[in-house]
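Architecture and fold: a report
As a plain string of letters, each chain reads:
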Amino acid sequence: MGAAGTQAMTSSGDKSYEEVRKAWRDAHVHPLWENPLAHSERNGGPRPHLWSWRKIRPLLDDAMKVTTPAAVERRVLTLVDPHAGDATAGTTTNLTTALQMLLAGETARPHRHSMNAIRFVVEGSGAHTIVDGKSCLMQEGDLILTPAWTWHEHVHSGSEPIVWMDALDVPLHRYLGIDAFEPGPTHDVPEYAHEDAFAVANVVPDVPGTELKFSPVFRYPWRQAATAVRAAPRARDGARRVRYVNPLTGGSAMALMDCHLAQLDRGSDTIPFRTTSNAVCCVVEGAGATRVGDQMLRWEAKDIFSLPHGNWISHRAETDKATMFVVSDRDALKRLDLLKEEYGNEGG
Ligand code: GTQ
Ligand code: FE2
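A quick note: this is a predicted structure, and the numbers were derived from the prediction, not measured. Per chain, residues are indexed from 1 in the order of the written sequence. In the order they appear in the text, chains get letters beginning with A and ligands get numbers beginning with 1. Given that this is a predicted model, residues contribute local features only at a pLDDT of at least 70 and side-chain atom pairs are listed and counted only at 80 or more, while totals for whole chains, interfaces and linings are drawn from all residues. Working from all heavy atoms in the structure, the side-chain values ignore hydrogens and water.

1. Brief notes about the sheet that holds strand β4 (residues 107-113)
A pair of strands is considered paired only if DSSP assigns at least 2 bridges between the two. Runs of E in the DSSP output that reach at least two residues are strands. Runs of H or I that reach at least four are helices, and both are numbered from the N terminus. Strand order in this open sheet of 5 strands is β7-β6-β9-β4-β11, and the pairing throughout is antiparallel. Looking at which strands have only one partner, the edges of the open sheet turn out to be β7 (134-138) and β11 (181-183). Shown here is a sheet whose adjacent strand axes are inclined to one another by a mean of 25°, direction ignored. As defined by bridge partners, β4 adjoins β11 across 3 bridges and the pair is classed as antiparallel. Across the sheet, the residue bridging to R112 is E182, located in β11. Angular values range over 0 to 180 degrees, each being the angle between N-to-C directions of two axes fitted as lines to C-alpha atoms, with helices fitted over their stretch in contact.

2. A word on the pairing of strand β8 (residues 143-146)
Along any regular strand, the residues point their side chains to alternate faces of the sheet. Covered by surrounding structure in β8 are L143 and L145 together with I144 and T146, the residues of both alternating faces. Looking at chain direction, strand β5 (residues 117-123) and β8 are connected through 4 bridges and run antiparallel. The residue bridging I118 from the neighbouring strand is L145, located in β8. Here β8 runs beside strand β12 (residues 219-220); their pairing, made up of 2 bridges, is antiparallel. Among the inter-strand pairings, I144 is bridged to a residue of β12, identified as R219. Think of it in three bands: with a 1.4 Å probe and only protein chains considered, a residue is buried below 20% of the maximum accessible area for its type, exposed above 50%, and partly exposed in between.

3. Structural notes on the coordination of the iron ion (ligand 2)
Each metal's donors are the N, O and S atoms within 2.8 Å of it, or within 3.2 Å when it is Na, K or Ca, and because water is not part of the set, sites may look incomplete. All of the protein donors around the iron ion (ligand 2) are H111 (NE2), H113 (NE2) and H152 (NE2); their distances to the metal are 2.1 Å. Sequence spacing of the donors to the iron ion (ligand 2): H-x1-H-x38-H. Placement of the pair is H113 in strand β4 and H152 in strand β9 (residues 152-156), with a sequence separation of 39 residues. Like H113, the residue H152 is buried in the burial classification.

4. Here we look at the environment of V170
With respect to the element layout, V170 can be found in helix α4 (residues 170-176). Separated by 20 residues in the primary sequence, V170 and P190 place their C-alpha atoms 24 Å from one another. Contact criterion: two residues are considered in contact whenever any of their non-hydrogen atoms come within 4.5 Å of each other. Once you skip the residues sitting within four places of it in the chain, V170 turns out to touch T96 and M115.

5. A closer look at the side chain of S114
Summarising the element assignment, S114 is placed in the loop between β4 and β5. The contact partners of S114, leaving out residues within four places of it in the chain, are A148, W149, H173, I178, D179 and A180.

6. Comments concerning the packing of aromatic side chains
Here the aromatic set is Phe, Tyr and Trp, taking the six-membered ring for Trp, and pairing holds for ring centres within 6.5 Å; pairs whose planes are under 30 degrees apart are stacked, those over 60 apart are edge-to-face, and all others are tilted. Counting across every chain of the model gives 9 aromatic pairs. Judged by centre distance (6.1 Å) and plane angle (80°), the ring pair of Y17 and W24 falls under edge-to-face. Consider the rings of Y244 and F325, whose centres lie 5.7 Å apart with planes at 65°: the pair is edge-to-face. Highlighted residues: Y244 in strand β13 (residues 240-244) and F325 in strand β21 (residues 321-328), separated in sequence by 81 residues. One exposure class covers both Y244 and F325, and it is buried. In textbook terms, an aromatic cluster arises when at least three aromatic residues are bridged by ring pairs, as seen for F120, Y220, Y244 and F325. The lysine or arginine in question, K134, covers the ring of F218, its NZ or CZ lying 5.0 Å from the ring centre. By definition, being over a ring means that NZ of Lys or CZ of Arg is both within 6 Å of the ring centre and within 35 degrees of the ring normal.

7. Things to note about the site of ligand 1
We call a residue near a molecule or strand whenever a single non-hydrogen atom of that residue lies within 4 Å of it. Near ligand 1 you find R74, V76, A98, Q100, H111, H113, R119, H152, H154, D166 and L168, and these make up its full shell. A distance of 2.7 Å separates an oxygen atom of ligand 1 from a polar side-chain atom of H154. Residues were grouped as follows: Ala, Val, Leu, Ile, Met, Phe, Trp, Tyr, Cys and Pro as nonpolar; Asp, Glu, Lys and Arg as charged; and all remaining residues, including Gly, as polar. Looking at the shell around ligand 1, its residues break down into 3 nonpolar, 5 polar and 3 charged. Polar contact is the term for a pair of N or O atoms within 3.5 Å; when the atoms are in protein, one must be able to donate a hydrogen and the other to accept it, and sequence-neighboring residues count only if both atoms are side-chain atoms.

Right under this line is the structure:
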């Protein structure tokens, strides 16, 4: 198999195998048997990584000193998969996450792009992201959506710096070569139903013929999600989990990114779980450890870690409870019929 097959090849008439290969190369054809990835079994998936808040937080202070959003548009440090061997890589397949900072009084100008994005507030409060004209308050633990092609700008009128995690579906757009971007000023801002029309649980506006591909609710406050996850029954792996949904469909909030809040009780390991989807976790409260493939990641509040596809995953809380925000590409893979999920107690 692979390049080793070269040895077994014989000449073709009066041409040596090397001459044959050169002719193929010149004609832009390639022998499959020399491709080491063809017909080989994958053993596990890409490797995970943990960005420790304790180590990263001082580096954010440096970023806040060396530049401003006025100079660079977005003061963002991307979390780059160290195993990808490429500084422009995402955090894991299909997901790019980053830490973005604003000092009190700073703003980041409007723009829009084909990529979907979410913001999960890690430290501080009092900023707003304005999404297609809707002003979304950013408090610690809040989730804000800026779906594909929505105009967005960030304004910080609080008194202390604010830091949030961005997650975007950049890698898939890049892979497909369809990433696109438009700078402000904003124009052609669509009309949405007023937030108050969604303010009561289980009641949504009856809007005929909505073409929206994403949730018309752009802000999911921490307190509501935290209340829900505390009361949620255990999911199949043993953790309590709630999903941030599009209230008009009950489906994922955006087409390529799905968001959950998960809560673990002290001491019990979740049932090992393996999936073809990819996720990034941001620890909100508590401390513990997660086994991902052959690695053990020890985490505490505000740490961020990747759960690349194909690895067996099991979480354990070492505090009375631990809560983590999880962003994934699960729903996108499911709609493409590429989602395969297994639980360790199924004999896997
Ligand atoms: O805040 O608009 O981390 O456009 C990457 C691209 C944040 C943003 C990122 C972006 C933004
Ligand atoms: Fe953006």
